[in-house]
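Take a look at the letters that make up each chain.
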Amino acid sequence: METLALKVDPKRPELDKIRIAAGVLRNGGLVAFPTETVYGLGANALDEKAVLRIFEAKNRPADNPIIVHVVNRDDVYVLAEHVPEVAERLIDKFWPGPLTLLFLKSEAVPNAVTAGLGTVAIRMPSHAVARALIAEAGVPVAAPSANLAGRPSPTSAEHVLDDLSGRIEVLIDGGEIGYGVESTVLDLTTEPPTVLRPGPVTIEELKEVIGGVEVHPAARAEVPVEVAIARSPGMKYRHYAPVAEVVVVEGPLEGVIAKIQELVDARRERGERVGVMATEETALRYRADIVKVVGSRRDPRTVAKNLFRVLREFDAEGVDFAAAEGLEPVGIGLAVMNRLRKAAGHNIVRVEQAN
Ligand code: TXA
Ligand code: MG
């Protein structure tokens, strides 16, 4: 199969191209498309066979459920068995946008979408291309991130082609992505609701709207979570795993810099090719084979935006070992740390103070 790449204007996508892609979706095909978080790999959520093709194209484990993307609020009442009152408030405030809500599923949702679970994850994206595609297809769209399982989520059309070229019918190229980390996943079937995956909608923002919010230990990703207690199957996989061995160094900045340089020196001594994921404020402090600036410590949103690209670049450049600076795990910084700690396979070094 040859993948058809359609370049569109990300703000005002050309309708003729969106119609081609929507037609492919309606006929059971797979279409990768930009959202405000990362690129998604879409299929008609109501077509079980089409959804199963997503698992095949991504090599996705069959027990990992998929988020359903909608543009009409009414669809939530079709896909969910019960819509609690907190959902209404959250939808008013954060949709369209990077917040995924978990409901008890209705009969309308095929089991392939939810991997046999009793819940369904729903989100309404804000990206103009995603919205035009879903609206034109006229069906809810099941879409995980458009990467091969175990690779960082794609934040550009090139990343999607690197992983899925020849495996999917269409890629809509809408250029670079806004947030760069996947949506916040909030389970509304618990009391209080539980954040299963931190994302661009922060815990602080959720609390302002609904008061109590629990944060699942896997969302912090400080330690590996036992498979037995993984409520969201995606939690248990070592997502975003680069080929290189990765370590995250956390703590007061001067101590972090010193520790990273020490780890780097020891590895280079052994002849390894070593990379550092640094920030604008610190990059010049390191001696390593490759030093990459992921963003600014003063604005963690810039780190979120570049994180997956930098992880892919380390892989492409054949790095054996990469050390990354930790950020403060608050706001979108928690989403960044969740992805980084998972990329590191929970290989975390904590420094207490400068040494
Ligand atoms: O921003 C995003 O959410 C992107 C874009 C494309 O929308 N999508 C995305 O999908 O990140 P994916 O499949 O890569 O991650 C979805 C996460 C997984 O951890 C999955 O286990 C969890 O959501 N999930 C989906 N449905 C679920 C359900 N019914 N119950 C529990 N967890 C669920
Ligand atoms: Mg994913």
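Higher on the page you've got the structure.
Q: Help me understand the overall build of the protein chain, please; the structure alone is not making it clear to me.
A: Counting its secondary structure elements, the protein chain contains twelve helices and 16 strands. Expressed along its principal axes, the backbone C-alpha trace of the protein chain runs to roughly 60 × 45 × 35 Å. Within the protein chain, the proportion of its 355 residues that are buried is 58%. Counted over contacts in the protein chain with a minimum sequence separation of 6, partners at least 24 positions apart contribute 68%. Of the roughly 14500 Å² of accessible surface on the protein chain, 49% is carried by carbon and sulfur atoms. Here the protein chain holds 42 positive side-chain charges and 50 negative ones, and the gap between their average locations is 1 Å.

Q: Could you clarify how one ought to interpret the pattern of salt bridges in this entry?
A: Side chains bearing opposite charge may pair, as long as their charged atoms lie close to each other. Scanning the entire structure with this criterion turns up 25 salt bridges. Via salt bridges that share partners, Arg-151, Asp-163, Arg-312 and Asp-315 belong to a single interconnected network.

Q: Mind showing me how you'd approach the side chain of Asn-147 here?
A: Of note, Asn-147 is situated in the loop between β7 (141–142) and α7 (157–164). Given the relative accessible area of 4%, Asn-147 is considered buried. Within the structure, Asn-147 has its side chain in polar contact with the side chain of Ser-145 (distance 2.6 Å). Each residue touching Asn-147, except ones within four places of it in the same chain, is listed here: Lys-58, Pro-152, Ser-153, Pro-154, Asp-163, Leu-164 and Arg-312.

Q: What am I meant to see in the packing of aromatic side chains here?
A: Each pair of aromatic rings is reported with the distance of its centres and the angle of its planes. Tallying each qualifying case throughout the model produces zero aromatic pairs. When the ring centre of Phe-314 is taken as reference, the NZ or CZ atom of Lys-292 above it lies at 6.0 Å.

Analysis parameters
Per chain, the residues get numbers from 1 upward, laid out in the order the sequence is written. Chains and ligands are labelled by the order in which they are written, letters from A for the one and numbers from 1 for the other. Where local features are concerned, this predicted model is filtered to residues with pLDDT of at least 70; where side-chain atom pairs are given and counted, the filter is 80 or more; whole-chain, interface and lining totals use all residues. Working from all heavy atoms in the structure, the side-chain values ignore hydrogens and water. Secondary structure counts use DSSP, requiring at least four H or I residues in a row for a helix and at least two E residues in a row for a strand, with both numbered from the N terminus. Only protein chains enter the accessibility calculation, which uses a 1.4 Å probe; a residue is then buried when its area is under 20% of its type maximum, exposed when over 50%, and partly exposed in between. Residues are treated as being in contact if the distance between any of their heavy atoms lies within 4.5 Å. All accessible areas in this document rest on Shrake-Rupley with a 1.4 Å probe, and a residue is counted as covered only by the protein chains that are shown. Note that His is not counted, nor are the chain ends; the positive residues are Lys and Arg, and the negative ones are Asp and Glu. Charge positions come from single atoms, namely NZ of Lys, CZ of Arg, CG of Asp or CD of Glu. What makes a salt bridge here is a side-chain nitrogen of Lys or Arg within 4 Å of a carboxyl oxygen of Asp or Glu, nothing more. Pairs of N or O atoms are called polar contacts if they sit within 3.5 Å, as long as, within protein, a hydrogen donor faces a hydrogen acceptor (for residues adjacent in sequence, only side-chain-to-side-chain pairs). Pairing of aromatic rings covers Phe, Tyr and the six-membered ring of Trp, with a centre-to-centre limit of 6.5 Å; geometry is then stacked below 30 degrees between planes, edge-to-face above 60, and tilted otherwise. The rule is short: NZ of Lys or CZ of Arg within 6 Å of the ring centre and within 35 degrees of the ring normal puts a charge over the ring.

Purely geometric numbers; function is a separate question.
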